[in-house]
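Chain residues, written in single-letter form:
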Number of protein chains: 2
Amino acid sequence: QHSSPVSTIVVWDEPFFQGKRHEFTTDCYSTPERGFSTVRSFRIESGAWVGFEHCGFQGQQFVLERGEYPCWEAWSGSNAYHVDRMSSFRPITCAEHGRSQLLLFEQENFQGRRGELSDDCPSLPELGWGGSAVGSFLVCSGAWVCSQYPGYRGFQYLLESDSHAGEYKHVREWGSHAQTGQVQSIRRVQQ
Amino acid sequence: QHSSPVSTIVVWDEPFFQGKRHEFTTDCYSTPERGFSTVRSFRIESGAWVGFEHCGFQGQQFVLERGEYPCWEAWSGSNAYHVDRMSSFRPITCAEHGRSQLLLFEQENFQGRRGELSDDCPSLPELGWGGSAVGSFLVCSGAWVCSQYPGYRGFQYLLESDSHAGEYKHVREWGSHAQTGQVQSIRRVQQ
């Protein structure tokens, strides 16, 4: 495991990098407590980050890699589940890209048929993973993001070897907001 | 270049695979003309497909890989640009996964700094591609999907070696709906 020497996110309270600006290099538990009632645009300057709908790293998750996010409304979520704002965020610790490894299981608690990934997969069904639900994950190395739909779209959930000891035994453990075990694409988080 | 022996998409006019059902193995120029005023759920059984907002393969694009799409509202687009329906779709011809190659250029008409990709890239800025705009693309092999934001989110645009002779000289040529040249992630389309 390694992380960049410094992870940096710059946030603004207005779209297109306007208004009040602040730079963070560590966890932000609550943007309101840091003087941002809302974050409407941001730029990831280094590292990979995960943003959350609610304070305290709760609610819908957004994996954020290096680049520009000028307009929260244009970026966030889907029409079916509107997320108003990002209220907390923290850096992600990734593995070296070639050393990521993930086990997935058909049933909860590491039971049933087992699959192994060491590369990005835009379609689990294409890989022969029947059905569209995953029961549990074991993250051997690195940080991964799994998504509800093929092509890395829809709800997304972060899976980290550094969190939960890499053990995600039940759908409840990979996202308090998870309404379904439907997972159809998975990829490594890059930094 | 190769495509699956058969590409198959099954569509329904109600969410969660309910209501009227039809199976397509070739281009659908207009879903209304095929008796579907709306397509609200679908399943890609084989091949990769691209769906379009409007009839005649116009408007916002959605790359669709093998898997289940139970709810159009939950899947499509962003809050900033609502797409009501998918009104046309066609199969995508992909390359063998290891043989895809793409050139990107800083300026239109293949001018300026040049980059080359043969693998998926969730963050062009991370790769050292300065700024967040691409001026032009030359697709040497395969089919690629580029996205407005890192992590394959936001507006997406299909780039194919079999279309336009692989030449995308200007932002207008990779999507009639493109409002910006902002491209921050690119990956191969898988089938």
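Note that this is a predicted model, so its numbers are computed, not measured.

## A word on the sheet that holds strand β7 (residues 88-92) of chain A
Through backbone hydrogen bonds, the strands of a sheet pair up, either in parallel or in antiparallel fashion. All names here are of chain A. The strand order β5-β4-β7 describes an open sheet built from three strands, whose pairing is antiparallel. Each edge of the open sheet carries a strand with a single partner, namely β5 (58-64) and β7. On average, each strand axis in the sheet is inclined to that of its neighbour by 25 degrees, with strand direction left out of account. Inspection of the sheet shows strand β4 (residues 48-54) paired to β7 by five bridges, in the antiparallel sense. Paired with Val50 across the two strands is Arg90, which belongs to β7.

## Some points on the pattern of salt bridges
The final tally for this structure, using the stated rule, is 16 salt bridges over all chains. Measuring nitrogen to oxygen at the nearest pair gives 3.0 Å for the salt bridge that ties Asp119 of chain A to Arg188 of chain A. Note that Asp119 of chain A is positioned in the loop between β9 (111-117) and β10 (136-141) and Arg188 of chain A in strand β14 (residues 185-188), a separation of 69 residues in sequence. A relative accessible area of 9% places Arg188 of chain A in the buried class. Across the pair Arg188 of chain B and Asp120 of chain B runs a salt bridge whose closest N-O atoms are separated by 2.9 Å. Taken together, the positions of Arg188 of chain B in strand β14 (residues 185-188) and Asp120 of chain B in the loop between β9 (111-117) and β10 (136-141) put the pair 68 residues apart, joining distant regions of the chain.

## Some words on the pairing of β14 of chain A
Residue and element names in this part refer to chain A. Along β14, one buried face is formed by Ser185 and Arg187 and the opposite face, lined by Ile186 and Arg188, is buried too. One ladder, built from four bridges, connects strand β11 (residues 143-149) with β14; its direction is antiparallel. The residue of β14 that forms the bridge with Val145 is Arg187.

## What about the sheet that holds β14 of chain A?
Residue and element names in this part refer to chain A. One open sheet accounts for three strands, arranged β12-β11-β14; its pairing is antiparallel. Looking at strand neighbours, the two that pair on one side only are β12 (153-160) and β14, the edges of this open sheet. On average, each strand axis in the sheet is inclined to that of its neighbour by 25 degrees, with strand direction left out of account. For β11 and β12, the ladder comprises six bridges, and the chain directions are antiparallel. Paired with Ala143 across the bridge in β12 is Glu160.

## A short note on the packing of aromatic side chains
The tally for this structure, following the rule as stated, stands at 19 aromatic pairs over all chains. Relative to Phe89 of chain A, the ring of Phe24 of chain A lies with its centre 5.0 Å away and its plane at 85 degrees, an arrangement referred to as edge-to-face. Of this pair, Phe24 of chain A sits in strand β2 (residues 18-24) while Phe89 of chain A is found in strand β7, placing the two residues 65 residues apart along the sequence. You'll find Phe24 of chain A and Phe89 of chain A in the same group, each marked buried. Through successive ring pairs, a cluster of aromatic residues spans Phe24, Trp49 and Phe89 of chain A. Lys20 of chain B extends its terminal NZ or CZ atom over the ring of Phe36 of chain B, reaching a point 5.2 Å from the ring centre.

## A short note on the domain arrangement of chain A
Residues and elements named next belong to chain A. Looking at the assigned domains, one finds that chain A contains domain 1 (8-92) and domain 2 (101-188). Distance from the C-alpha centre of domain 1 to the C-alpha centre of domain 2: 24 Å. The interface is formed by 11 residues belonging to domain 1 together with 13 residues belonging to domain 2. Between domain 1 and domain 2 the total buried area reaches about 970 Å² when both faces are included, carbon and sulfur atoms providing 50% of it. Linking domain 1 with domain 2 are two salt bridges. With a closest N to O distance of 2.8 Å, Glu65 and Arg187 form a salt bridge. Linking domain 1 with domain 2 are four residue pairs in polar contact (both at pLDDT 80 or more), by the criterion used here. Breaking the side of domain 1 that touches domain 2 down by element, the ones donating at least two residues are β5 and β7. If one sorts the elements of the side of domain 1 that touches domain 2 by residue count, β5 sits on top with six residues. Taken together, the residues of the side of domain 1 that touches domain 2 sort by class into five nonpolar, four polar and two charged.

How each quantity is defined
- Residues numbered from 1 in each chain as written.
- Chains lettered and ligands numbered in written order.
- Predicted model: local features only at pLDDT ≥ 70, side-chain atom pairs only at ≥ 80, totals over all residues.
- Heavy atoms only, no water.
- Pairing = 2+ DSSP bridges.
- Helix = DSSP H or I, 4+ residues; strand = E, 2+ residues; numbered from the N terminus.
- Axes fitted to C-alpha atoms, helices over the stretch in contact; angles between N-to-C directions.
- Salt bridge = Lys/Arg side-chain N within 4 Å of Asp/Glu carboxyl O.
- Buried < 20%, exposed > 50% of the residue type's maximum accessible area, 1.4 Å probe, protein only.
- Phe/Tyr/Trp six-rings, centres within 6.5 Å; stacked < 30°, edge-to-face > 60°.
- Lys NZ or Arg CZ within 6 Å of the ring centre and 35° of its normal.
- Domains from an automatic or database assignment.
- Contact = heavy atoms within 4.5 Å.
- Buried area = accessible area lost by both parts, 1.4 Å probe.
- Polar contact = N/O pair within 3.5 Å; in protein donor to acceptor, adjacent residues only side chain to side chain.
- Nonpolar A, V, L, I, M, F, W, Y, C, P; charged D, E, K, R; others polar.

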